[in-house]
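Working through the structure, step by step
Here are the chains, one letter per residue:
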Amino acid sequence: MTIIIIHLKTIIKLFATIFTGIVLVFSLTALLVTLPLNLYSKTIYNTIDSPLIHQVLIKMLNSENHYLYKEQSKNTFSLFDITFESLTNFELNDTRTLLGRELPGLFIYNTEIAVAGKGTNITNLPIESAPPLDMSLKEREVVEENLEQNKENKENISESPKEKVVYIYHSHSWEAFLPLLKGATNPNEAVSSDNRANVVAVGDILKNELNSKGIGVEHNTENVAENLRKRNLNYHSSYTLSREKVQAAMTNNDKLKILIDIHRDSQRKKITTTTIKDKSYARLFFIVGKEHKNFEKNLKFAKEVNKKIEEKYPGLSRGVFIKGKSEGNGIYNQDIMEQSLLIEFGGVDNNLPEISNSIKAFADVFSEIYWRAEEVNG
């Protein structure tokens with residue numbers, strides 16, 4: 001009888017083991033089939049380089065090295081929390097993430113407000129421009145009379161200093177402004193490859209203003225949409241393309257100290273415009289990507305510039321915003337250099353005088369910061 005019971009227990013354990021194995025196999029198969037896994041080297045690298053893996057490795061090192069444990073003990077760590085958040089995409093301390101995948105557009109509220117400008121809150125966060133429907137961007141006719149101020153700016157071009165220390169570029173060079181385009185009224189129509197009507201014109205004005213203050217600027221004016229089309233790349237590769245240009249510029253010029261990527265927001269005029277001393281300005285703001293090692297240094301630099309702008313032009317800035325990969329690119333080429341800025345000048349409804357006023361104000365403050373730093377550094 002005893003032998004029969006022992007055999008019965010062995011058989012039960014065997015069946016339990018087999019059943020568990022079958023469940024695991026089917027579960028693994030289901031995950032591999034249903035999840036959009038891309039087992040490319042880049043995907044594997046991004047997974048290994050994720051904050052979750054970093055935290056796990058730190059925890060493992062802490063358990064073996066008491067000095068590290070002492071240094072890291074101030075950072076709370078829960079293996080359950082990070083595993084749960086990784087598997088569910090739900091952060092226990094942020095209920096917005098529970099509905100983030102269920103309600104279209106809710107993910108934009110994941111954007112962090114590092115510094116809130118006047119009137120800035122969760123209801124009027126920046127809106128990422130929609131990708132152009134036609135990457136070849138067939139030309140929309142521009143409103144010539146609304147470009148008069150830009151002609152004046154070009155007529156008063158200052159001589160550029162020989163040493164170029166600032167690199168201005170446009171990852172989304174097609175982002176344009178409705179008042180400069182004929183027949184365009186919808187924010188999604190604010191796209192153009194005409195450099196007189198898009199953010200490249202903003203870069204031109206800023207370049208001229210900085211040159212006049214003795215700061216040498218190299219300005220990339222390429223048609224990003226056209227180059228993406230030629231290489232059979234989509235909208236999401238725009239930062240990859242601009243990254244190549246930035247790295248090439250730095251290779252050719254070791255004097256570059258500051259990178260500025262210029263965009264415009266898709267919010268409407270009520271949010272993107274302000275009046276300072278009876279003059280109308282297109283409000284600006286800063287985006288900082290947090291998915292890289294230079295995050296804190298870039299954030300500090302953006303906060304410094306933002307603070308000085310608000311001191312001299314109160315209400316001009318909408319603030320400093322932090323974005324991860326779930327809200328955008330998450331890096332924005334800011335890992336390349338510690339002093340990298342992504343600035344959005346105005347929105348789809350701003351006209352050229354408003355934009356120009358904003359650029360001149362920024363150049364005024366930026367030049368003061370730059371030359372003060374040069375004095376300190378000798």
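Each remark here, short or long, concerns the structure printed above.
Being a predicted model, the structure only gives us computed values, none of them experimental. For every chain, the first residue of the written sequence is number 1, and numbering continues from 1 along that sequence. This being a predicted model, a pLDDT of at least 70 is required before a residue's local features are given, and a value of 80 or more before pairs of side-chain atoms are given or counted; all residues contribute to the totals for chains, interfaces and linings. Computation of side-chain values: all heavy atoms of the structure, hydrogens and water removed.

Think of it in three bands: with a 1.4 Å probe and only protein chains considered, a residue is buried below 20% of the maximum accessible area for its type, exposed above 50%, and partly exposed in between. Counting from the N terminus, the helices are the DSSP runs of H or I reaching at least four residues and the strands are the DSSP runs of E reaching at least two. Of all six residues in strand β2 (residues 164-169), five are buried, a share of seventy percent or more. Only strands joined by at least two bridges in the DSSP assignment are considered to pair. Here four bridges tie β2 to strand β3 (residues 216-219), and the two strands are oriented parallel to one another. Bridging from a neighbouring strand, Lys164 pairs with Gly216 of β3. Chirality of the crossover, the property in question, places the unit of β2, helix α8 (residues 199-212) and β3 among those that are right-handed. Here β2 runs beside strand β4 (residues 258-263); their pairing, made up of four bridges, is parallel. When the sheet's bridge partners are listed, Tyr169 is paired in β4 with Asp261. Consider the strands pointing away from the viewer: the crossover is right-handed when the path from the first strand over the helix to the second runs clockwise.

We now examine helix α13 (residues 352-376). By definition here, a helix of n residues has an expected span of 1.5 Å times n minus one. Taking 1.5 Å per residue, 25 residues should reach 36 Å; α13 reaches 36 Å between its end C-alpha atoms and fits that length. Among the residues of α13, the N-terminal cap falls to Asn351, whose side-chain oxygen and the backbone nitrogen of Glu354 are separated by 3.0 Å. N or O atoms within 3.5 Å of each other form a polar contact, as long as, within protein, one can give a hydrogen and the other can take it, and as long as residues adjacent in sequence are counted only when both atoms are side-chain atoms.

What follows is about the side chain of Asp261. Within the element layout of this structure, Asp261 appears in strand β4. For the charge count, each Lys or Arg is scored as positive and each Asp or Glu as negative, with His and the chain ends excluded. Basic side-chain nitrogens of Lys or Arg form a salt bridge, by our definition, when they fall within 4 Å of a carboxyl oxygen of Asp or Glu. Although Asp261 is buried, it makes no salt bridge; Arg243 carries the closest opposite charge, 10 Å away. A distance of 2.8 Å separates a polar atom in the side chain of Asp261 from a polar atom in the side chain of Ser171. Contact between two residues is taken to exist if any of their heavy atoms lie within 4.5 Å; hydrogens are not considered. Not counting chain neighbours up to four residues away, the residues in contact with Asp261 comprise Tyr169, His170, Ser171, Tyr239, Leu341, Leu342 and Ile343.

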